[in-house]
Amino acid sequence: MDASFDAVVIGRNEGARLLRALAAAQAVARQVVYVDSGSTDGSAQAARGMGVTVIELDPARPFTAARGRNAGLAALPEAEFVQFIDGDCLLEPGWPARALAHLHANPRAGLVFGRQYEAAPDASIYNWMTDWEWNKPLGPATFCAGCLMVRAGALRAIGGYNESLIAGEDDDMCHRMQAAGWQTWCIDAPMTEHDARLFALAPWWRRSLRAGHSYAELGVLHGAAADQRRRAVLWGGVLPSVAALGLLFWWPATLAVAVVYAVSGIRQWRRFCTQGLGARRAAQASGLLMLSKFAELTGMASYWRARAVGRRRKLIEYK
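Residues numbered from 1 in each chain as written. Predicted model: local features only at pLDDT ≥ 70, side-chain atom pairs only at ≥ 80, totals over all residues. Heavy atoms only, no water.

Student: What should I look at first to understand the overall build of the chain in this one?
Tutor: The number of helices and strands found in the chain is eleven helices and eight strands. The C-alpha radius of gyration computed for the chain amounts to 21 Å, which stays within 12% of the reference 20 Å derived for 319 residues, consistent with globular compactness. Across its three principal directions, the C-alpha atoms of the chain cover 70 × 45 × 40 Å. Per-residue burial over the chain gives 50% buried out of 319 residues. Split by element, the accessible area of the chain, about 14,400 Å² in all, is 58% carbon and sulfur. (Helix = DSSP H or I, 4+ residues; strand = E, 2+ residues; numbered from the N terminus. Rg over C-alpha atoms; globule rule 2.2 N^0.38 Å. Buried < 20%, exposed > 50% of the residue type's maximum accessible area, 1.4 Å probe, protein only. Areas by Shrake-Rupley, 256 points an atom, 1.4 Å probe, with all protein chains shown as cover.)

In structure tokens form, the structure reads like this:
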């Protein structure tokens, strides 16, 4: 079995994290390409100093992760397999062999990804929630998130990533790859260590805003993320509206909504407790999960508002 592959790392102002990401990729990949999206911290120069091929995107066009990945893929025209890595992630040394073995054993597998995990999940509740979100279901029709090993020919055949998307570009790509007859596999193997460094509510809120934006756009493009949209509308919009109207016209409605939120919160608290969290941290996690519905609805609304007036939102950055 041919165990060779190339790597594309994308980043913007990742600092020391980028250097670690590049070094980890260089240790196992045949060639590493770094695509920089307007960094001002010397990332491009530092990457060149490591002997990495560097592409600096023209700032005249909007930066997106999709654009960066496409540029990296274009720089590797002979590549058969490409590992995409975000600049705040470290590739596990044993992952490429597992990924390539899976792709060779499954000819209809267009891509494969494994478990991404947080470097410091216990450093904050926001880091823990991010780590929890990385735990994707296993199988041949799962949706990846940034880092993955792809069959380069399959990605080229569907036109690469959609560069107009500011969020949800991975889900969009997986939908199009599945529609073309390819499988998008998640397997049970550690893949990358992610360094979120989320220590405050504000960046976590922006991250949830971006998720909501992607749910709305994926719905327009593919009719996807319907469950996520329904939950955001219900918990972040409908029930608060009923509670507010109840205060004005019929207070039992407000009380009923409060009971519904309380029951849901207790159910989620118990769920997180079964996953090994202490009572206090489980309460924080259940509260953030509910709060995320308000942020997601806000992100969805921003997408629909921008779409209605014919403009696109700028990149939503949370770091």
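Structure shown, so let's carry the discussion forward.
Student: Looking at this model, I keep getting lost on the layout of surface pockets. Mind explaining?
Tutor: Using a probe with the size of a water molecule, rolled over the atoms, empty space left in the structure can be pinpointed. Considering only enclosed or pocket space, the second largest pocket measures out at about 210 Å³ in volume. Lining the second largest pocket, in full, are R61, P62, F63, T64, R67, E163, S164, I166, R312, R313, K314 and L315. Partitioned by chemical class, the residues of the lining of the second largest pocket number four nonpolar, two polar and six charged. (1 Å grid on protein atoms, 1.4 Å probe; cavity = no way out; pocket = protein on both sides within 12 Å on 5 of 7 lines; lining within 4 Å. Points joined across faces, edges and corners; volume = space filled by probe spheres on them. Nonpolar A, V, L, I, M, F, W, Y, C, P; charged D, E, K, R; others polar.)

Student: Quick question: what am I supposed to make of the side chain of T130 here?
Tutor: One can find T130 in helix α5 (residues 125-134). The class of T130 is buried, set by a relative accessible area of 0%. If sequence neighbours within four positions are ignored, T130 has contacts with E118, A196, L198 and R207. (Contact = heavy atoms within 4.5 Å.)

Student: Would you explain the packing of aromatic side chains in this entry?
Tutor: To describe a pair of aromatic rings, one takes the distance between the centres and the angle between the planes. Going through the model one piece at a time under the given rule, you end up with five aromatic pairs. When the ring of W132 is compared with that of F272, the centres are 5.2 Å apart and the planes differ by 65°; the resulting orientation is edge-to-face. Of this pair, W132 sits in helix α5 while F272 sits in helix α10 (residues 251-274), placing them 140 residues apart in sequence. What links up through ring pairs into an aromatic cluster is the set W128, W132 and F272. The ring of Y161 has R69 sitting right over it, with the charged end atom 5.4 Å from the ring centre. Above the face of the W134 ring, R207 is positioned so that its terminal group lies 5.3 Å from the ring centre. (Phe/Tyr/Trp six-rings, centres within 6.5 Å; stacked < 30°, edge-to-face > 60°. Lys NZ or Arg CZ within 6 Å of the ring centre and 35° of its normal.)

Student: Even after reading the chapter, I still don't get the packing of helix α8 (residues 201-222) against helix α11 (residues 279-308), so can you show me in this structure?
Tutor: The axes of two packed helices give the description: the angle between them and the distance between them. In the contact formed by α8 and α11, the axes pass within 6 Å of each other and the chain directions differ by 50°. As judged from the angle between their axes, α8 and α11 are oblique. Considering only the axes of α8 and α11, their crossing is right-handed. (Axes fitted to C-alpha atoms, helices over the stretch in contact; angles between N-to-C directions. Parallel < 35°, antiparallel > 145°, perpendicular 65-115°, else oblique. Left-handed = near helix turned anticlockwise from the far one by under 90°.)

Student: I would appreciate a short explanation of the pairing of strand β1 (residues 6-11) in the present structure.
Tutor: Note on strand geometry: in a regular strand, side chains alternate between the two faces of the sheet. With six of six residues buried, β1 is to be regarded as a mostly interior element. Burial of the side chains of β1 extends over both faces: D6, V8 and I10 are buried on one face and A7, V9 and G11 on the other. Pairing between β1 and strand β2 (residues 31-36): six bridges, direction parallel. Note on β2: the bridge partner recorded for G11 is D36. Taking the sense of rotation as the criterion, the β-α-β connection linking β1, helix α1 (residues 16-26) and β2 turns out right-handed. With five bridges connecting them, β1 and strand β4 (residues 81-86) associate as parallel partners. Residue D6 lies in a different strand from β4, and its bridge partner there is V82. (Pairing = 2+ DSSP bridges. Right-handed = clockwise from strand over helix to strand, strands pointing away.)

Student: Can you walk me through a nonpolar patch on the surface in this structure?
Tutor: There is a patch of nonpolar side chains on the surface, built from V220, V233, L234, V238, V242 and W304 and spanning about 440 Å² of accessible area. Among the elements that make up the nonpolar patch, the one with the highest residue count is helix α9 (residues 226-249) (four residues). Of note, V242 is situated in helix α9. (Patch = residues over 30% accessible without salt bridge, like charges linked within 9 Å, V, L, I, M, F, W, Y side chains within 5 Å. Salt bridge = Lys/Arg side-chain N within 4 Å of Asp/Glu carboxyl O.)

Student: Sorry, what's going on with the pairing of strand β8 (residues 183-194) here?
Tutor: The sheet contact formed by strand β5 (residues 89-91) and β8 spans three bridges and is antiparallel. Bridged to C89 within β8 is H194. The pairing of strand β6 (residues 109-118) with β8 spans eight bridges and is parallel. Bridged to Y117 within β8 is E193.

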